[in-house]
Amino acid sequence: ANALLCVICTILIVSAIGANVLLNCVTRFNAASSQVRGWKESLYAAEAGGDIAYAEVRKTILDPTHAFAGWTYTGGVRSNSPVTFGVNNLTAASAVDTFWVDGNGSPWYRIRANGTAPVLGFKRVGMDDRMGVGTRGDSLLRKIDLHYDHFIATYGPKGDGVGKAQVAVPHPQVTRRIELVASPVTPFEAAVKAMASFSGPGSAGVIDSYNSKNGPYYFAANNPSDAHYSDSHSGGVMVDTAEFSMNQGPIYGSVTTNGGTVKPSSLIYGTIDNNVPFTLPPFKMPTNLPAPQPSPTNITNNTTITPPAAGTASNPTTYLFSSITDDLTINKFSTAETYVAIHVTGVIGNNNKGSITVKSGVHAKIYFDGNIELKARDIDNQAGLAANLQFYGISPSDPSVVQRIDINPPGTFAATFYAPSADYHMNGNPDLLGAIVAKTYYGNGNTSVHYDRALDTNGDIVDYRIASYVEDTR
């Protein structure tokens with residue numbers, strides 16, 4: 001009898017131990033196989049939703065007619081219906097709003113994305129993730145919603161404490177939230193940026209830099225004791241091919257190519273990297289400009305225009321010209337800083353006939369479909385600031401058609417050129433204060449480019465990049 005009693009007690013103890021081990025294993029297995037999996041997959045879904053929204057933001061520049069197609073727009077916020085991924089029933093919902101417009105008139109976008117993953121198994125949270133004596137961590141379980149959406153109940157649907165309510169969930173789930181900031185990419189990050197080839201500077205020319213915020217340009221690249229020496233060595237050259245040719249003029253900046261064989265040289269005063277690819281998408285005419293003024297519609301005679309209002313960077317006074325083949329002068333509106341956008345569907349200049357004068361205080365952007373052929377002295381930007389006169393080449397619909405920009409002697413001028421489908425030629429002795437983005441660049445003789453470092457944040461948006469990523473841990 002004693003032996004039987006001992007056996008029964010032993011079996012009872014072993015059974016209790018086994019039951020406790022089984023209970024803990026089931027709890028841990030439930031957490032590991034379902035809850036942790038849901039925790040991780042909900043972030044995958046949120047990031048996928050963020051990627052979808054980011055692609056739509058980029059379309060506002062690269063494919064504006066299809067940007068946010070099918071999305072709803074309410075109260076300044078674009079949102080989409082949940083998107084289902086794969087076989088795991090993961091869902092993501094994204095919202096995009098413009099939270100800031102910078103001094104260049106460029107919108108910055110905030111992307112908020114929620115990712116939700118189902119939690120399979122029993123509706124229980126038994127994992128005691130202790131973090132100290134007398135405390136309960138449960139750090140892996142805080143976002144599990146068994147019956148109600150905890151976020152809406154605690155913070156409201158927008159997280160601002162408004163509209164708090166108990167909203168039932170269809171099944172146990174985990175939701176994680178991320179926020180991204182998409183910042184605009186402006187085009188002028190080097191003195192010369194060419195897609196296909198670079199040849200320059202001229203044998204008596206130079207590529208260097210300065211900062212117009214510190215005053216007018218003067219050559220300081222060979223004087224380390226000069227107060228502005230640090231601004232003089234940013235005259236970089238970027239080429240998206242191996243086609244890089246130096247014509248004996250010094251480059252006071254870095255040189256990058258895509259597969260080139262550029263070697264250290266006494267004429268290159270910066271780093272060299274032959275493995276830097278980049279892309280320049282075709283440039284399209286912006287669709288957010290106001291309707292053009294009724295007149296003038298062509299510049300075939302000496303013409304002066306005075307805008308009827310000062311405008312702003314994001315809302316300029318707009319003109320539509322078929323060509324500019326004579327002298328054009330753009331006046332300021334009253335005493336205010338004045339913003340003007342001009343779309344030229346034909347040529348600018350013809351056999352060097354024509355000129356463009358931009359009065360001080362005027363900020364002009366000129367979009368052109370055709371070619372440019374002007375003498376440097378006939379591009380008169382009286383403020384002397386490259387940001388005040390910007391040329392944008394509209395890429396031809398036929399990719400086999402190449403635009404031409406021919407800048408001929410004599411003269412020095414301040415401007416920027418963004419024309420990813422154009423061949424840029426500068427002949428003789430012109431000096432450009434500004435920046436050039438083109439398909440090809442060629443400069444001979446005494447031609448020089450002095451990059452203005454103040455252009456870092458200027459110019460029309462050419463793309464967007466993710467500037468910030470955070471997770472809302474609530």
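Reading guide: rules and limits
Residues numbered from 1 in each chain as written. Predicted model: local features only at pLDDT ≥ 70, side-chain atom pairs only at ≥ 80, totals over all residues. Heavy atoms only, no water. Helix = DSSP H or I, 4+ residues; strand = E, 2+ residues; numbered from the N terminus. Rg over C-alpha atoms; globule rule 2.2 N^0.38 Å. Buried < 20%, exposed > 50% of the residue type's maximum accessible area, 1.4 Å probe, protein only. Contact = heavy atoms within 4.5 Å. Areas by Shrake-Rupley, 256 points an atom, 1.4 Å probe, with all protein chains shown as cover. Lys, Arg positive; Asp, Glu negative; His and termini not counted. Charge placed at Lys NZ, Arg CZ, Asp CG, Glu CD. 1 Å grid on protein atoms, 1.4 Å probe; cavity = no way out; pocket = protein on both sides within 12 Å on 5 of 7 lines; lining within 4 Å. Points joined across faces, edges and corners; volume = space filled by probe spheres on them. Nonpolar A, V, L, I, M, F, W, Y, C, P; charged D, E, K, R; others polar. Pairing = 2+ DSSP bridges. Axes fitted to C-alpha atoms, helices over the stretch in contact; angles between N-to-C directions. Salt bridge = Lys/Arg side-chain N within 4 Å of Asp/Glu carboxyl O. Core = buried A, V, L, I, M, F, W, Y, C linked by side-chain atoms within 4.5 Å. pLDDT = per-residue confidence, 0-100. Disulfide = S-S within 2.5 Å. Phe/Tyr/Trp six-rings, centres within 6.5 Å; stacked < 30°, edge-to-face > 60°. Polar contact = N/O pair within 3.5 Å; in protein donor to acceptor, adjacent residues only side chain to side chain.

Enquirer: Could you clarify how one ought to interpret the overall build of the protein in this entry?
Expert: A tally of helices and strands in the protein yields two helices and 27 strands. A compact globule built from 474 residues should have a C-alpha radius of gyration of about 23 Å, whereas the protein, at 31 Å, is more than 25% larger. Overall, the protein is about 120 × 55 × 45 Å in size when its C-alpha atoms are taken along their principal axes. Within the protein, the fraction of its 474 residues that count as buried is 45%. Put simply, of all contacts in the protein between residues at least 6 apart along the chain, 61% involve residues at least 24 apart. Surface accessibility of the protein: about 22300 Å² in total, with carbon and sulfur atoms responsible for 55%. In the protein, 33 side chains carry a positive charge and 38 a negative one; their mean positions are 10 Å apart.

Enquirer: What is the right way to look at the pairing of strand β19 (residues 362-368) in this model?
Expert: A regular strand carries its side chains on alternate faces of the sheet. A large share of β19 lies buried, amounting to seven of its seven residues. Of the two faces of β19, the one lined by Val-362, Ala-364, Ile-366 and Phe-368 and the one lined by His-363, Lys-365 and Tyr-367 are each fully buried.

Enquirer: Before we go on, may I ask you to explain empty space enclosed by the protein in this structure?
Expert: Where empty space is left can be seen by rolling a probe of water-molecule size over the atoms. Applying the stated criterion across every chain yields a total of one cavity of 30 Å³ or more. Considering only enclosed or pocket space, the largest cavity measures out at about 90 Å³ in volume. For the largest cavity, the full set of lining residues is Ser-209, Tyr-210, Asn-211, Asn-214, Gly-215, Pro-216, Tyr-217, Tyr-218, Ala-220, His-228 and Asp-231. When the residues that make up the lining of the largest cavity are grouped by side-chain class, the tally is five nonpolar, five polar and one charged.

Enquirer: Hey, could you run me through the sheet that holds strand β18 (residues 355-358) in this one?
Expert: Pairing between the strands of a sheet is mediated by backbone hydrogen bonds and can be parallel or antiparallel. An order of β14-β16-β18-β21 is seen for the four strands of this open sheet, with the pairing classed as parallel. Unpaired on one side and paired on the other, β14 (303-305) and β21 (379-381) mark the two borders of the sheet. Within this sheet the neighbouring strands show an average axis-to-axis angle of 10°, counted without direction. Examined bridge by bridge, β14 and strand β16 (residues 327-330) share three bridges and lie parallel to one another. Within β16, the residue paired with Thr-304 across the bridge is Thr-329.

Enquirer: I keep staring at the layout of surface pockets and nothing clicks. Help me out?
Expert: Space inside the largest pocket adds up to approximately 1100 Å³. Gly-105, Ser-106, Lys-365, Asp-460 and Ile-461 are, among the 49 residues lining the largest pocket, the residues nearest its centre. For the lining of the largest pocket, the secondary structure elements donating two or more residues are α1 (2-62), β5 (107-118), β17 (338-344) and β19. What the second largest pocket holds in volume is close to 800 Å³. Ala-95, Arg-112, Asn-114, Pro-157 and Lys-158 are the residues nearest the centre of the second largest pocket, which is lined by 29 residues in total. At the level of secondary structure, the elements contributing two or more residues to the lining of the second largest pocket comprise β1 (72-74), β2 (77-79), β4 (90-101), β5, α2 (150-155) and β7 (173-185). With six residues, the top contributor of residues to the lining of the second largest pocket is β4. Here the lining of the second largest pocket is built from residues that sort into 10 nonpolar, 10 polar and nine charged.

Enquirer: Teacher, can you tell me more about the pattern of salt bridges here?
Expert: Two side chains of opposite charge can pair, provided their charged atoms sit close to one another. Within this structure, the stated rule accounts for 12 salt bridges. Among the ionic pairs, Arg-453 bridges to Asp-231, the shortest N-O distance being 2.8 Å. Here the residue Arg-453 occupies a position in the loop between β26 (448-452) and β27 (463-472), and Asp-231 occupies one in the loop between β9 (207-210) and β10 (237-239), the gap between them amounting to 222 residues. Taking the relative accessible area as the measure of exposure, Arg-453 reaches 28% and is therefore partly exposed. Notably, a salt bridge pairs Arg-474 with Asp-472, separated by 2.9 Å at the nearest N-O pair.

Enquirer: What is the right way to look at the nonpolar core in this model?
Expert: For soluble globular proteins, the rule of thumb is that nonpolar side chains tend to be buried together. The biggest cluster of nonpolar side chains holds 66 residues, and the ones touching the most others in it are Ile-342, Phe-391, Ile-407, Phe-417 and Tyr-424. Of the residues forming this core, the biggest block, eight residues, is contributed by strand β24 (residues 412-426). For Phe-391, the residues in contact, after removing those within four places along its chain, are Ile-356, Ile-366, Phe-368, Ile-372, Ile-379, Ala-415, Thr-416, Phe-417 and Tyr-418.

Enquirer: Is there a simple way to think about the environment of Ser-234 in this case?
Expert: Looking at the element boundaries, Ser-234 is found in the loop between β9 and β10. According to the relative accessible area criterion, Ser-234 is partly exposed, its value standing at 25%. When the C-alpha positions of Ser-234 and Asp-423 are compared, they lie 23 Å apart, and in sequence the two are 189 residues distant. For Ser-234, the residues in contact, after removing those within four places along its chain, are Ser-209, Tyr-252, Gly-253, Tyr-451 and Arg-453.

Enquirer: Can you help me understand the confidence of the model for the protein in this one?
Expert: Residues shown with low pLDDT carry predicted positions that ought not to be read at fine detail. Per-chain confidence: the protein averages 89 in pLDDT, with 92% of residues scoring 70 or above. This stretch, residues 135-140, has a pLDDT under 50; its non-local contacts, to residues over four places away or in other chains, come to 14 contacts.

Enquirer: Teacher, can you tell me more about the state of the cysteines here?
Expert: Here, disulfide denotes a covalent bond that connects the sulfur atoms of two cysteines. Overall, the coordinates contain zero disulfides when judged by the stated rule. For Cys-6, which is in no disulfide, the shortest distance to another cysteine sulfur is to Cys-9 and amounts to 6.6 Å.

Enquirer: How should I be thinking about the packing of aromatic side chains in this particular structure?
Expert: Each aromatic ring pair is characterised by the separation of its centres together with the angle its planes make. Applying the stated rule across the entire model yields 19 aromatic pairs. Ring geometry for Phe-198 against Phe-244: centres 5.2 Å apart, planes inclined by 15°, an arrangement best described as stacked. Placement of Phe-198 in strand β8 (residues 192-200) and of Phe-244 in strand β11 (residues 244-246) is noted, with a sequence separation of 46 residues between them. Here the two residues Phe-198 and Phe-244 agree in accessibility, since each one is buried.

Enquirer: What exactly am I supposed to notice about the side chain of Asn-458 here?
Expert: With respect to the helices and strands, the residue Asn-458 is situated in the loop between β26 and β27. A distance of 2.9 Å separates the side chain of Asn-458 from the backbone oxygen of Ala-454, its partner in a polar contact. Contacts of Asn-458, omitting those with residues within four sequence positions, involve Asn-104, Thr-186, Pro-187, Phe-188, Ala-387 and Gln-390.

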